[in-house]
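Chain residues, written in single-letter form:
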Amino acid sequence: MTYSYTQLSQYLTCPRRYRHRYLDGWQEKDSRASMLFGRAFEKALASYFRREDSAAVLFQEWQSCQKQGLRYSSGDTWDRMLHQGIQLLDRFCQEDRVRIPHPRRNLQIKVSRKLSRNNDFVAYVDAIGRLDGTRCLLEWKTTSSRYPEEPAGLLALDPQLVCYSWMSGITEVAQVVFVRKRLVEIQYLRTTITDEQRHEFGQLVEDTIGRIESAQFLPHSGIRFPQNPCSTCPYVGLCLGKPELVDRNLIRRPGAENLAWLDELNY
Ligand code: SF4
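Residues numbered from 1 in each chain as written. Predicted model: local features only at pLDDT ≥ 70, side-chain atom pairs only at ≥ 80, totals over all residues. Heavy atoms only, no water.

Peer 1: What is the right way to look at the environment of Arg 51 in this model?
Peer 2: Tracing the sequence through the fold places Arg 51 in the loop between helix 3 (33-49) and helix 4 (54-63). The exposure class assigned to Arg 51 is exposed, which follows from its relative accessible area of 80%. Distance in space between the C-alpha atoms of Arg 51 and Pro 103 is 9.6 Å, their sequence separation being 52 residues. (Helix = DSSP H or I, 4+ residues; strand = E, 2+ residues; numbered from the N terminus. Buried < 20%, exposed > 50% of the residue type's maximum accessible area, 1.4 Å probe, protein only.)

Rendered as structure tokens:
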């Protein structure tokens with residue numbers, strides 16, 4: 001079995017969600033504009049590092065999503081998102097704080113780790129390069145609102161960064177956050193992951209896989225009124241037995257558990 005960070009985080013969010021996705025093959029439809037825009041933007045970024053025309057790549061990639069019946073979040077339109085994307089690429093180029101040597105080798109890097117005779121763990125790291133001159137592992141994020149920076153040190157608790165540091169052995173990690181808002185902004189957030197955090201993450205992986213392999217899939221979404229995580233869960237139609245919600249949000253791909261690592265390519 002090949003495990004990935006996405007798989008692990010789905011289980012930790014709610015084990016029932018994991019069962020819907022990886023055992024029963026239900027998958028969220030790829031029509032969220034924000035997610036597809038993120039993928040298009042990352043392709044444009046990769047082309048920027050290869051010294052190609054990144055605005056043209058963004059236009060092309062985003063145009064190819066236009067026919068997919070996109071679901072926009074409030075206030076977003078196809079044109080508006082394109083415009084924000086081009087402004088962000090311009091700003092990224094002007095600020096010039098990130099360098100990726102050998103971009104064909106150092107972007108979308110597959111990292112694998114053997115867990116046992118039967119299990120592997122795989123991750124796709126966005127990039128390894130330099131931020132303000134410091135070598136680090138980099139993750140790109142596109143969002144419509146700023147990432148919180150307070151209290152200081154918060155980023156070191158980000159489970160995805162801890163996971164990628166555990167996978168790669170790289171202690172310096174960073175998120176470059178492309179914020180789509182009226183005046184676009186880029187946040188450059190860097191932190192250090194300790195040996196202890198990496199060790200604990202390894203234990204978390206081992207413990208979680210043990211629970212998956214013993215078929216523990218009881219639902220526990222961490223419900224806390226009024227922030228009920230089920231209300232934003234794509235699988236809520238399955239848990240409530242409402243076929244209209246299932247049709248709206250999900251498609252079924254039997255046997256999908258063998259393709260779990262592909263989730264890592266969802267930006
Ligand atoms: S709707 Fe709630 S209980 Fe059902 S899978 Fe999602 S988070 Fe879990």
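Peer 1: I keep staring at the site of the ligand and nothing clicks. Help me out?
Peer 2: The ligand sits among Cys 14, Arg 17, His 20, Pro 219, Ser 221, Cys 230, Cys 233, Val 236 and Cys 239. Every element with two or more residues in the shell around the ligand is listed here: helix 2 (15-23) and helix 9 (236-240). Of the residues contributing to the shell around the ligand, the split by class is six nonpolar, two polar and one charged. (Near = heavy atom within 4 Å. Nonpolar A, V, L, I, M, F, W, Y, C, P; charged D, E, K, R; others polar.)

Peer 1: Sorry, what's going on with the environment of Trp 26 here?
Peer 2: The topology assignment puts Trp 26 in strand 2 (residues 26-28). Sequence-wise, Trp 26 and Val 246 are 220 residues apart; in three dimensions their C-alpha atoms are separated by 9.1 Å. With residues near it in sequence (within four places) discarded, Trp 26 still touches His 20, Arg 21, Tyr 235, Leu 238, Val 246, Leu 250, Ile 251 and Arg 252. (Contact = heavy atoms within 4.5 Å.)

Peer 1: How do you make sense of the pairing of strand 6 (residues 134-143) when you look at a structure like this?
Peer 2: Among the 10 residues of strand 6, seven are classified as buried, and the element is accordingly described as predominantly covered. Taking the residues between adjacent antiparallel strands as the criterion, strand 5 (residues 120-131) and strand 6 are bridged by two residues, where Asp 132 takes a positive phi near 50°. Across seven bridges, the pairing between strand 6 and strand 7 (residues 172-179) is parallel. Bridge assignment links Thr 142 to a residue of strand 7, and that residue is Phe 178. The β-α-β motif built from strand 6, the intervening helix 7 (residues 159-168) and the parallel element strand 7 has right-handed crossover chirality. (Pairing = 2+ DSSP bridges. Right-handed = clockwise from strand over helix to strand, strands pointing away.)

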